[in-house]
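So the chains spell out like this:
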Amino acid sequence: MSVEEHRREGADDLGFLGVTVTSSRGESDDVSGALLRRKIGGAGYRWVASHRVSDDVPAIREITVRGLEDEAVDVVVLTGGTGFSPADLTVEAVVPLFDRIVDGFGELFRSLSYEEIGPAAMLSRACAGLARGKAVFALPGSPKAVELALDALILPEVSHLLGQARRVDK
């Protein structure tokens with residue numbers, strides 16, 4: 001089966017949960033969170049909810065698990081906390097929840113970022129995985145990084161990814 005045929009069999013009507021990981025941003029200056037909501041809605045997907053959590057492993061993990069337990073949520077997108085500062089703990093919080101890692105997401109994201117920002121792209125620990133039949137993406141907090149990940153990777157392929165992950169072979 002071709003990639004196009006697989007895409008046609010992708011999951012429909014996906015619900016997204018957005019999580020901003022920050023200790024410094026409030027609702028009024030959460031540019032990446034607002035961008036995420038606009039892009040998801042503009043792509044025809046459902047926006048389920050937005051949350052803001054501090055840079056704290058238990059808090060990040062708890063809100064992610066709540067999203068994974070919510071029947072309306074198919075995709076959890078976290079922004080922030082994917083760098084190397086001591087407060088950047090999103091990766092440590094979500095990777096243990098993954099049933100399977102989507103290795104290509106982080107690889108492609110850093111490659112595309114390299115084209116835009118050069119070698120600083122290696123400082124991103126952006127990652128993705130499947131957990132409980134749902135997709136989880138951890139992105140940098142930069143609006144440009146969120147836009148790149150959504151436009152180039154997530155929105156074009158999330159339906160295909162979940163269609164494959166949820167497929168029942170005959």
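Scope of this entry: the structure provided in the associated data block. (Residues numbered from 1 in each chain as written. Predicted model: local features only at pLDDT ≥ 70, side-chain atom pairs only at ≥ 80, totals over all residues. Heavy atoms only, no water.)

Quick word on the side chain of T20
Tracing the backbone shows T20 in strand β1 (residues 15–21). Residue T20 is classed as buried on the basis of its relative accessible area, which comes to 7%. A polar atom in the side chain of T20 sits 2.7 Å from the side chain of D30. Beyond its immediate chain neighbours, meaning those up to four positions away, T20 contacts D30, G33, H51, R52, V53 and T79. (Helix = DSSP H or I, 4+ residues; strand = E, 2+ residues; numbered from the N terminus. Buried < 20%, exposed > 50% of the residue type's maximum accessible area, 1.4 Å probe, protein only. Polar contact = N/O pair within 3.5 Å; in protein donor to acceptor, adjacent residues only side chain to side chain. Contact = heavy atoms within 4.5 Å.)

Notes on the layout of surface pockets
The gaps left among the atoms become clear once a water-sized probe is rolled over them. Of the voids in this model, the largest pocket is the one considered here, and its volume is about 300 Å³. Lining the largest pocket are 15 residues; nearest its centre among them are V102, G104, F105, E157 and L161. Mapped onto the lining of the largest pocket, the elements with two or more residues apiece are β4 (100–101), α5 (103–117) and α6 (143–165). In terms of residues, the lining of the largest pocket owes the most to one element, α6, which gives seven residues. Per-class residue counts for the lining of the largest pocket are 11 nonpolar, two polar and two charged. (1 Å grid on protein atoms, 1.4 Å probe; cavity = no way out; pocket = protein on both sides within 12 Å on 5 of 7 lines; lining within 4 Å. Points joined across faces, edges and corners; volume = space filled by probe spheres on them. Nonpolar A, V, L, I, M, F, W, Y, C, P; charged D, E, K, R; others polar.)

Regarding the nonpolar core
With 26 residues, the main nonpolar core has F16, V75, F105, F137, L139, I154 and V158 as its most contacted residues. Mapped onto this core, the elements with two or more residues apiece are α2 (31–42), β3 (75–79), α5, β5 (127–131), β6 (134–139) and α6. For this core, the element with the highest residue contribution is α6, accounting for 10 residues. Those residues within four positions of F105 in sequence are excluded, and the remaining contacts are A126, C127, A128, F137, A138, L139, A149, L153 and I154. V53, I60, A93 and F98 belong to the second-largest nonpolar core, a separate cluster that totals 19 residues. (Core = buried A, V, L, I, M, F, W, Y, C linked by side-chain atoms within 4.5 Å.)

A short note on the packing of α5 against α6
At a closest axis distance of 10 Å, the pairing of α5 and α6 adopts a crossing angle of 120°. Relative to α6, the element α5 is oriented oblique. For α5 against α6, the interelement crossing comes out right-handed. Of the residues in α6, those touching α5 at F105, L108, F109, L112, S113 and E116 are A145, L148, A149, A152, L153 and I154. A class-by-class count of the residues in the contact of α5 with α6 yields 10 nonpolar, one polar and one charged. (Axes fitted to C-alpha atoms, helices over the stretch in contact; angles between N-to-C directions. Parallel < 35°, antiparallel > 145°, perpendicular 65-115°, else oblique. Left-handed = near helix turned anticlockwise from the far one by under 90°.)

Remember that the coordinates give geometry; whether it matters functionally is a separate question.
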